[in-house]
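Structural overview for review
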Amino acid sequence: AASDVYKRQAQERFLETVFKDVGVETFSYHPNLELDVYTPLNDTQTNRPLILLVHGGGFSGGKRDNPLERSFSKDMARRGYIVASMSYRLTRKGKGFGCDCPESEKRDTFLNASQDVYRATEFLIEHSVSLGIDPKKIILVGSSAGAEAVLNAAFMQNDPEYSAILEAPIQFSSVISFAGAMLTASEITAENAVPSLFFHGKKDRLVPYKTAAHHYCDPDAKGYILLDGSKTIAKKLWKLKVPTQLAKDPKGNHDWANIAYKLSLIHI
């Protein structure tokens, strides 16, 4: 036991593995929607940063407890974070989300997913004392569709549609995106900009790396909608002098939605 204490003191919390065991508890944050909270066991700190993780899957599939999500959540909890991996409404299940999906439905899909991010965040803030969470240190992490959900949730709050689904503005502490994009980086201001980390393949043909059509649809397609990808968002944040990192792969594609789960552990 004494040697365990010594090892913990010698290791740096958040950068290295400090805890061996992790507890997992499931909560319902909204009817039919749940989240899994990963907590480092035998931790004496009670005011810890929270990572809210949103899985990918094209808004039609994926799960909060897939192997990648479970492994990432446990690893980050062992470093001293509280991690909440959330489910959200899969509004495109059985419908598709490509160029045949009307633009209006794509906008509604983004909005609904961000609303679920807000609901999960509000639930976690409400229970922050019992969960040992610092409500001022909430880090959003998302992959692919989940990255689109967190980017819009963090940076679109001034948009009338997004402000209408918020009980009150939420100031997240940072955002981490694995192959994600948002509706428009023009909504990022000095007031809502936060430190961000992006991972993206420059040859991604589903979610644009810069500014391009979602799924690179033709302009006359029903699903044509321009999105701002990682490079465009990062440039806006750099202009505002907000600490931002962009990890890009010149030959990479949308696989970075999954690859980044492991590489991001080095950067967080």
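Only a predicted model underlies this, so the values are computations on that prediction, with no experimental measurement involved.

**A short note on the overall build of the chain**
- In terms of helices and strands, the chain carries eight helices and eleven strands.
- Relative to the compact-globule value of 18 Å for 268 residues, the chain shows a C-alpha radius of gyration of 18 Å, a close match.
- In terms of its C-alpha atoms, the chain occupies a principal-axis envelope of roughly 70 × 40 × 35 Å.
- Residues classed as buried in the chain amount to 51% of the 268 residues present.
- Within the chain, contacts between residues separated by at least 24 positions form 71% of all contacts whose residues are at least 6 apart in sequence.
- Here the chain has roughly 12,400 Å² of accessible surface; of this, 50% comes from carbon and sulfur atoms.
- Of the side-chain charges in the chain, 33 are positive and 31 negative, and the distance between the mean point of each set is 6 Å.

**Regarding the environment of Asp-100**
- Tracing the backbone through its elements, the reader meets Asp-100 in the loop between strand S4 (82–86) and helix H3 (103–126).
- Taking C-alpha positions, Asp-100 is 15 Å from Leu-226, a pair spaced 126 residues apart along the chain.

**Observations regarding the packing of H3 against helix H5 (residues 145–155)**
- The geometry of H3 relative to H5 is characterised by a closest axis approach of 8 Å and an angle of 75° between their N-to-C directions. Put simply, H3 runs roughly perpendicular to H5. Between H3 and H5, the residues in contact are Phe-110, Ala-113, Ser-114, Val-117 and Tyr-118 and Glu-148, Ala-149, Asn-152 and Ala-153, respectively.
- Of the residues contributing to the contact of H3 with H5, the split by class is six nonpolar, two polar and one charged.

**As for a positive patch on the surface**
- On the surface, a cluster of positive charge is contributed by Lys-202, Lys-203, Lys-210, Lys-235, Lys-248 and Lys-251.
- Mapped onto the fold, Lys-251 is located in the loop between strand S11 (244–249) and helix H8 (256–267).

**Side note on the sheet that holds strand S7 (residues 181–182)**
- If you trace the three strands from one edge of the open sheet to the other, you get S7-S10-S9, paired in antiparallel fashion. Strand pairing shows two members of the sheet lacking a second neighbour, S7 and strand S9 (211–213), which therefore form its edges.
- Direction of pairing for S7 relative to strand S10 (residues 226–229): antiparallel, over a ladder of two bridges. When the sheet's bridge partners are listed, Met-182 is paired in S10 with Asp-228.
- Sitting on the sheet, helix H7 (residues 230–239) touches S7, S9 and S10, and the angle it makes with S10 is about 60°.

**Brief notes about the environment of Glu-167**
- On the secondary structure map, Glu-167 appears in the loop between helix H6 (160–163) and strand S6 (174–178).
- On the accessibility criterion, Glu-167 (71% relative accessible area) is exposed.
- For the pair formed by Glu-167 and Ala-145, sequence separation is 22 residues and the distance between their alpha carbons is 23 Å.

**Digging into H7**
- Along H7, the residues that are buried comprise Ser-230, Ile-233, Ala-234 and Leu-237. Burial along H7 is one-sided: seen end-on, the buried residues are contained in an arc of 100°. Summarising the geometry of H7, the exposed residues directed more than 90 degrees from the buried face are Lys-235 and Lys-239.
- Buried residues in H7 make contact with H5, S7, strand S8 (196–201), S10 and S11.

**Remarks on the sheet that holds strand S1 (residues 22–30)**
- A sheet is described by the order of its strands in space; here eight strands give the open sequence S1-S2-S4-S3-S5-S6-S8-S11, paired in mixed fashion. The open sheet has two free edges, formed respectively by S1 and S11, since each of these has just one partner strand. Strand-to-strand twist across the sheet, computed as the mean angle between neighbouring axes with direction ignored, equals 20°.
- By the bridge criterion, five bridges tie strand S5 (residues 133–143) to S6 in an arrangement that is parallel. Pairing of Val-141 across the sheet is with Ile-176, part of S6.
- Sheet strands touched by helix H2 (residues 67–78): S1, strand S2 (33–40), strand S3 (48–54), S4 and S5. Its angle to S2, the strand with the most contacts, is close to 40°.

**Some remarks on the state of the cysteines**
- The tally for this structure, following the rule as stated, stands at one disulfide.
- One disulfide in the model links Cys-99 with Cys-217; its S-S distance is 2.1 Å. Residues Cys-99 and Cys-217 are joined by a disulfide whose S-S torsion is about -95°; by sign, that bridge is left-handed. Of this pair, Cys-99 sits in the loop between S4 and H3 while Cys-217 sits in the loop between S9 and S10, and the two are 118 residues apart along the sequence.
- By relative accessible area, Cys-99 is classed as partly exposed at 28%.

What counts, and at which threshold
Residues numbered from 1 in each chain as written. Predicted model: local features only at pLDDT ≥ 70, side-chain atom pairs only at ≥ 80, totals over all residues. Heavy atoms only, no water. Helix = DSSP H or I, 4+ residues; strand = E, 2+ residues; numbered from the N terminus. Rg over C-alpha atoms; globule rule 2.2 N^0.38 Å. Buried < 20%, exposed > 50% of the residue type's maximum accessible area, 1.4 Å probe, protein only. Contact = heavy atoms within 4.5 Å. Areas by Shrake-Rupley, 256 points an atom, 1.4 Å probe, with all protein chains shown as cover. Lys, Arg positive; Asp, Glu negative; His and termini not counted. Charge placed at Lys NZ, Arg CZ, Asp CG, Glu CD. Axes fitted to C-alpha atoms, helices over the stretch in contact; angles between N-to-C directions. Parallel < 35°, antiparallel > 145°, perpendicular 65-115°, else oblique. Nonpolar A, V, L, I, M, F, W, Y, C, P; charged D, E, K, R; others polar. Patch = residues over 30% accessible without salt bridge, like charges linked within 9 Å, V, L, I, M, F, W, Y side chains within 5 Å. Salt bridge = Lys/Arg side-chain N within 4 Å of Asp/Glu carboxyl O. Pairing = 2+ DSSP bridges. Arc of directions from axis to C-beta. Disulfide = S-S within 2.5 Å.

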